[in-house]
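# Per-entry structural report
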Amino acid sequence: MYIVPEKEIAGLMTREAAFDAVEKVFAAMASGDAYNFPVVREAIGHEDALYGFKGGFDRAGLTLGLKAGGYWPNNLEKRGLINHQSTVFLFDPDTGRAKAMVGGNLLTALRTAAASSVSIKHLARKDAKVIGMIGAGHQATFQLRAALEQRPFEKVIGWNYHPDMLPNIEKVAAEAGVPFEAVDLPGMAEADVIISITSAFAPSLMADHVSPGTHIACMGTDTKGKQEVEAELLVKADVFTDEVAQSISIGEAQHAVAQGLIQETDVAQIGAVINGTNPGRTSDDQITLFDGTGVGLQDLAVAASVVDLAVARGIAIEVDF
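Residues numbered from 1 in each chain as written. Predicted model: local features only at pLDDT ≥ 70, side-chain atom pairs only at ≥ 80, totals over all residues. Heavy atoms only, no water.

Counting secondary structure elements, the protein chain contains eleven helices and 18 strands. In terms of overall dimensions, the protein chain is globule-like: its C-alpha atoms have a radius of gyration of 19 Å, near the 20 Å expected for 321 residues. Taking the principal axes of its C-alpha atoms as reference, the protein chain extends roughly 55 × 40 × 40 Å. Looking at the protein chain as a whole, 55% of its 321 residues qualify as buried. (Helix = DSSP H or I, 4+ residues; strand = E, 2+ residues; numbered from the N terminus. Rg over C-alpha atoms; globule rule 2.2 N^0.38 Å. Buried < 20%, exposed > 50% of the residue type's maximum accessible area, 1.4 Å probe, protein only.)

Written as structure tokens, this is what we have:
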């Protein structure tokens, strides 16, 4: 079995490689070549932590495994550690034997950013100029870096529950040579693309904050009860997701479905857009929304790429197991 420690990930996985792996696995899911297992995600009653497992099998890439981890909200303040902690385990689909253990923290950040970036590539208007960020935490910086590579954005606007964190995304914008402006939530109407990346249990982005033609990537809702946008926004938008079953149960669509505003059949897989079996955006006035719930296959795809690179470069640690 190979071990690829967390400390080695930054030197192995690029945003480009993560984007390619996630785009391919979304396409494989839509064509029926890959599927995710049911998610286990629980509040463990200790440190206010959410812990769980996401796994799946990709027949095309012969990738089998799971990611174990979750969200420890007190880590940063108490221990100087990031709040999201995870490890990816890969198994040989032919024998069931353990194949690799891979540090999953940076991989999770990169694959989550890659997912919204894939949605921007395939659903945002080609002439999008202003990108709005709702959320300015650790993950938001990854989101913005990846998004800025998908369109020639000319301005970044941002809002956060705690305004003192906005310099995090302002710095990323400055690095890319793009001006930044802090706005209130109604100011998001200026944005052509909006990425929402919070851990909220109540909506911040309302339907009347979004202008016609906008693409929204909702990336923070991955647990029952979480919510980043008003449910009515999903009525106004054409809704796409990584996996429909997760979208309607633990993703952003859970609230609109529960209120009877939309049905499961109103949510489409983004992989179908990638494959060309769904037209995606069909007009400049259309509002599109990507519900990025985070699927285990994303983690397995990027982890498998990392293991291959680590073995080729002699970085992977081989152990008997």
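Moving on from the coordinates now.
This part is about helix H6 (residues 167-175). Within H6, burial applies to Ile169, Val172 and Ala173. On an axial view of H6, the arc spanned by its buried residues comes to 100°, and they lie on one face. The exposed residues of H6 that point more than 90 degrees off its buried face are Lys171 and Ala174. Summarising the contacts, the buried residues of H6 are in contact with strand E8 (130-134), helix H5 (138-147), strand E9 (155-159) and strand E10 (180-182). (Arc of directions from axis to C-beta. Contact = heavy atoms within 4.5 Å.)

The next point concerns the packing of aromatic side chains. For the structure on display, the rule yields five aromatic pairs. Plain terms: the ring middles of Tyr35 and Phe37 are 5.7 Å apart, the flat faces sit at 65° to each other, and that makes the pair edge-to-face. Owing to a relative accessible area of 37%, Tyr35 belongs among the partly exposed residues under this scheme. Ring centres 4.8 Å apart and planes at 65° place the aromatic pair Trp159 and Tyr161 in the edge-to-face group. You can call Trp159 buried: its relative accessible area is 16%. Among the aromatic residues, those joined into a cluster by ring pairs are Tyr51, Phe53 and Trp72. Over the face of the ring belonging to Tyr71 we find Lys226, whose NZ or CZ atom lies 6.0 Å from the ring centre. (Phe/Tyr/Trp six-rings, centres within 6.5 Å; stacked < 30°, edge-to-face > 60°. Lys NZ or Arg CZ within 6 Å of the ring centre and 35° of its normal.)

Where H5 contacts H6, the axes come no closer than 9 Å and their chain directions differ by 25°. Compared by their axis directions, H5 and H6 come out roughly parallel. The element H5 and its partner H6 pack so that their crossing is right-handed. Counting all contacts with H5, which are made through Ala140, Thr141, Leu144 and Arg145, the residues of H6 involved are Asn168, Ile169, Val172, Ala173 and Glu175. In terms of residue class, the contact of H5 with H6 is made up of five nonpolar, two polar and two charged. (Axes fitted to C-alpha atoms, helices over the stretch in contact; angles between N-to-C directions. Parallel < 35°, antiparallel > 145°, perpendicular 65-115°, else oblique. Left-handed = near helix turned anticlockwise from the far one by under 90°. Nonpolar A, V, L, I, M, F, W, Y, C, P; charged D, E, K, R; others polar.)

For the rest of this paragraph, the subject is the environment of Met188. Within the secondary structure layout, Met188 lies in the loop between E10 and strand E11 (193-196). Not counting residues within four places of it along the chain, the set of residues in contact with Met188 comprises Gly132, Met133, Ile134, Ile157, Gly158, Trp159, Val183, Ile194, Leu205 and His209.

With that settled, consider the pattern of salt bridges. Following the criterion strictly, the structure yields 15 salt bridges and no others. Here Glu190 and Lys155 are joined by a salt bridge, their closest N and O atoms 3.0 Å apart. Taken together, the positions of Glu190 in the loop between E10 and E11 and Lys155 in strand E9 put the pair 35 residues apart, joining distant regions of the chain. Residues joined in a network through salt bridges with shared partners are Arg41, Asp222 and Lys226. (Salt bridge = Lys/Arg side-chain N within 4 Å of Asp/Glu carboxyl O.)

What follows covers the sheet that holds E11. Sheets are built from strands that pair by backbone hydrogen bonding, the pairs being arranged parallel or antiparallel. What the eight strands build is an open sheet, ordered E10-E9-E8-E11-E13-E17-E15-E16; its pairing is parallel. Each edge of the sheet is formed by a strand with only one pairing partner; in this case those strands are E10 and strand E16 (267-269). The average undirected angle you get between the axes of adjacent strands in this sheet is 20°. Two elements, strand E13 (residues 215-218) and strand E17 (residues 288-291), share four bridges in a ladder whose sense is parallel. Bridge pairing in E17 links Ala217 to Phe290. Strand contacts of H6: E8, E9 and E10, with the helix running at about 160° to E10, the strand carrying the most contacts. (Pairing = 2+ DSSP bridges.)

Moving on to a nonpolar patch on the surface. A grouping of Val40, Ile44, Tyr51 and Phe53 is seen on the molecular surface, where their side chains present a nonpolar patch of about 310 Å² in accessible area. Mapped onto the fold, Tyr51 is located in strand E4 (residues 50-58). We classify Tyr51 as partly exposed; its relative accessible area is 30%. (Patch = residues over 30% accessible without salt bridge, like charges linked within 9 Å, V, L, I, M, F, W, Y side chains within 5 Å. Areas by Shrake-Rupley, 256 points an atom, 1.4 Å probe, with all protein chains shown as cover.)

With respect to the helices and strands, Gln254 occurs in helix H9 (residues 253-258). A distance of 3.2 Å separates a polar atom in the side chain of Gln254 from the backbone oxygen of Thr223. Here Gly225 takes part through its backbone nitrogen, which lies 3.0 Å from a polar atom of the side chain of Gln254. When sequence neighbours within four positions are dropped, the list of residues in contact with Gln254 reads Thr221, Thr223, Lys224, Gly225, Lys226, Ser247, Ile248 and Ser249. (Polar contact = N/O pair within 3.5 Å; in protein donor to acceptor, adjacent residues only side chain to side chain.)

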